[in-house]
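The lines below spell out each chain.
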Amino acid sequence: MKRIAKFGAGSMMLAAALAALPATAGAEAADAKAKEEAKDLLVAESFSGAEIADPDLRSLNACLTAATVLGGDDEFDSCSDQAVGPVPESGKSPGYLQLTDGGNYDTGAVIHNEALPSGNGVEVTFAQYQYGGSAADGIAFFLVDGDTDLTETGAYGGSLGYAQFDADGHVNDGIDGGYLGLGLDVYGNFSGDTEGRGNGCPEGQQAPAHLQIETNKAPNSVALRGPGQGNEGYCLLATTATDEYIGAYSDGDVYGSDLAGDLGGTTLDDAKRLVKLKVLPEGDRANVTVDIDFQDGDGWVRVLEAEVPEALPETFKFGFASSTGGKTDVHLIRHLRVEAFQ
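Bear in mind the structure is a predicted one, so any value in this text is a computation, not a measurement.

*Asks:* Is there a simple way to explain the state of the cysteines in this structure?
*Replies:* A disulfide bridge is the covalent bond that connects two cysteines by way of their sulfur atoms. Here the structure, examined in full by the defined rule, presents two disulfides. Linked covalently through their sulfurs, Cys63 and Cys79 form a disulfide whose S-S length is 2.0 Å. The disulfide joining Cys63 to Cys79 has a torsion of about 115 degrees about its S-S bond and is therefore right-handed. A residue pair is termed long-range when its members are at least 10 positions apart, and Cys63 in strand β3 (residues 63-64) and Cys79 in the loop between β3 and β4 (97-100) qualify at 16 residues.

Here it is as structure tokens:
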């Protein structure tokens, strides 16, 4: 009996030790994941106040809706002189960064012309609002090489301030030192290799044939364009646009998008969308993911994955850009966070 009792006690000790192993392994896995996800906060700007906290952010005709004092075109001043359409109430806090109001042929951008370390990758999150008009053009977020003197954007319209433009006798370069452009494209031209976009791009980095026709578009699309300089590159890396024909307008065809929700809204109250962009280096390339929370209760949804065919630069600069044309929307940004993985 004593031998049996002794054996039983040993078995219990062994069982206890074995039971502890999965917990230890689980803790180690959790620690490894936490280390992998560890990030340094580089920029945090809510855009909800009357002033900008980060002195390295610069306005290019963008304004703060909470501000009360008018200044120059390139100051973060009051939006009271940019109040076409259903814009947020001027001078009311908490406010927004307003890239455009609902007027025709308006442009606005914000740039960060101070190089930031890329670390082991970059994660950017922000809230965007597109609403109140006839759905155009969209909002772009972009990364450029940190050695670039970032003082202006690329071409507007369908190029969303990132890519180049060459049409109707007008030629505009893409953004200087472009590395990655994320287009939140309500109107639907950023996915198309039209108007000079994608000039000189190799096979596999070109838009599908139906989006190489000048008059075709794919509304409500998210697209990624890669590195470019001047009038070369800014190649299409990925898009949610599909080859599904969904209708026609006066002079072209409209194609679908496989997004799980709408990028834009009808009013400010229903227009909020959260966006997360992650860029992780992998040798001489980088992997990119885009997630969106459509505020429908389903949380984050993966909408795009792509590979940038060039290494992530050691440092980077960034910005937002937006525009309207013959069709319009109000375009706003809030709650920006830029982080580098350790």
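*Asks:* Just checking my understanding: could you explain the nonpolar core for this structure?
*Replies:* Soluble globular proteins tend to bury their nonpolar side chains together. With 48 residues, the main nonpolar core has Leu180, Val222, Leu224, Leu277 and Phe318 as its most contacted residues. Sequence-distant contacts of Val222, defined by excluding residues within four places in its chain, comprise Leu182, Gly183, Leu184, Ala238, Thr239, Thr240, Leu259, Leu263, Val290, Ile292, Val303 and Leu304. Grouped together as the second largest cluster of nonpolar side chains are 21 residues, Phe142, Tyr234, Leu236 and Ala241 included.

*Asks:* Help me out: how do you make sense of the pattern of salt bridges in this one?
*Replies:* As a working rule, side chains carrying opposite charge can pair if their charged atoms are close by. Applying the stated criterion to the full structure yields nine salt bridges. Salt-bridge contacts for Lys278 lead to Glu123; the nearest nitrogen and oxygen are separated by 3.7 Å. Separated by 155 residues along the polypeptide, Lys278 in strand β17 (residues 272-282) and Glu123 in strand β6 (residues 122-131) bring together distant segments of the chain. Measuring nitrogen to oxygen at the nearest pair gives 3.0 Å for the salt bridge that ties Asp193 to Arg225. Of the two residues, Asp193 is situated in the loop between β10 (178-185) and β11 (221-225) and Arg225 in strand β11; the sequence distance between them amounts to 32 residues.

*Asks:* Explain the side chain of Ser221 to me, please; I cannot follow it from the model alone.
*Replies:* Note that Ser221 resides in strand β11. Overall, the relative accessible area of 0% leaves Ser221 in the buried class. Within the local environment of Ser221, its side chain forms a polar contact with the backbone oxygen of Ala218, the two atoms lying 2.7 Å apart. Aside from chain neighbours lying at most four places away, what touches Ser221 is Gly183, Leu184, Asp185, Ser191, Thr239, Thr240, Ala241, Ser257 and Leu263.

*Asks:* Looking at this model, I keep getting lost on the layout of surface pockets. Mind explaining?
*Replies:* To find leftover empty space, one rolls a probe the size of a water molecule over the atoms. Space inside the largest pocket adds up to approximately 520 Å³. Contributing to the lining of the largest pocket are 25 residues, with Gly157, Gly158, Tyr187, Asn189 and Glu195 lying nearest its centre. Class assignment of the residues belonging to the lining of the largest pocket gives a composition of seven nonpolar, 10 polar and eight charged. There is about 230 Å³ of room inside the second largest pocket. Considering the residues around the second largest pocket, the lining is formed by 16 residues, among which Glu152, Thr153, Gly154, Gly174 and Asp176 are closest to the centre.

*Asks:* Would you explain the pairing of β11 in this entry?
*Replies:* In summary, the side chains of a regular strand alternate between the two faces of the sheet. The buried fraction of β11 is high, at five of five residues. Burial of the side chains of β11 extends over both faces: Ser221, Ala223 and Arg225 are buried on one face and Val222 and Leu224 on the other. As paired elements, β11 and strand β14 (residues 236-239) share three bridges and run antiparallel to each other. Among the inter-strand pairings, Leu224 is bridged to a residue of β14, identified as Ala238.

*Asks:* Looking at this structure, I do not really get the environment of Leu150. What am I missing?
*Replies:* Secondary-structure assignment places Leu150 in the loop between β7 (138-145) and β8 (165-167). Using a relative accessible area of 1% as the deciding quantity, one classes Leu150 as buried. A sequence separation of 39 residues divides Leu150 from Ile111, and the C-alpha atoms of the two residues are 7.2 Å apart. With near-sequence residues (within four places) excluded, Leu150 lies in contact with Ile111, His112, Asn113, Phe142, Val144, Ile175, Lys317 and Phe318.

*Asks:* What is the right way to read the packing of aromatic side chains from this model?
*Replies:* The final tally for this structure, using the stated rule, is seven aromatic pairs. With centroids separated by 4.9 Å and ring planes inclined at 85 degrees, the aromatic side chains of Phe126 and Phe320 adopt a geometry described as edge-to-face. Residue Phe126 is located in strand β6, and its partner Phe320 is located in strand β20 (residues 315-323); the two are separated by 194 residues in the primary sequence. Across this residue pair, the class does not change: Phe126 and Phe320 are buried. Three or more aromatic residues joined by ring pairs form one cluster here, namely Phe126, Phe141, Phe318 and Phe320. Here the guanidinium or amino end of Arg225 rests over the ring plane of Phe190, the centre of that ring lying 5.6 Å away. Against the face of Trp300 rests Lys276, its NZ or CZ located 4.5 Å from the ring centre.

Reading the values: rules and limits
- Residues numbered from 1 in each chain as written.
- Predicted model: local features only at pLDDT ≥ 70, side-chain atom pairs only at ≥ 80, totals over all residues.
- Heavy atoms only, no water.
- Disulfide = S-S within 2.5 Å.
- Helix = DSSP H or I, 4+ residues; strand = E, 2+ residues; numbered from the N terminus.
- Core = buried A, V, L, I, M, F, W, Y, C linked by side-chain atoms within 4.5 Å.
- Buried < 20%, exposed > 50% of the residue type's maximum accessible area, 1.4 Å probe, protein only.
- Contact = heavy atoms within 4.5 Å.
- Salt bridge = Lys/Arg side-chain N within 4 Å of Asp/Glu carboxyl O.
- Polar contact = N/O pair within 3.5 Å; in protein donor to acceptor, adjacent residues only side chain to side chain.
- 1 Å grid on protein atoms, 1.4 Å probe; cavity = no way out; pocket = protein on both sides within 12 Å on 5 of 7 lines; lining within 4 Å.
- Points joined across faces, edges and corners; volume = space filled by probe spheres on them.
- Nonpolar A, V, L, I, M, F, W, Y, C, P; charged D, E, K, R; others polar.
- Pairing = 2+ DSSP bridges.
- Phe/Tyr/Trp six-rings, centres within 6.5 Å; stacked < 30°, edge-to-face > 60°.
- Lys NZ or Arg CZ within 6 Å of the ring centre and 35° of its normal.

Any functional reading would require information that these geometric values do not contain.
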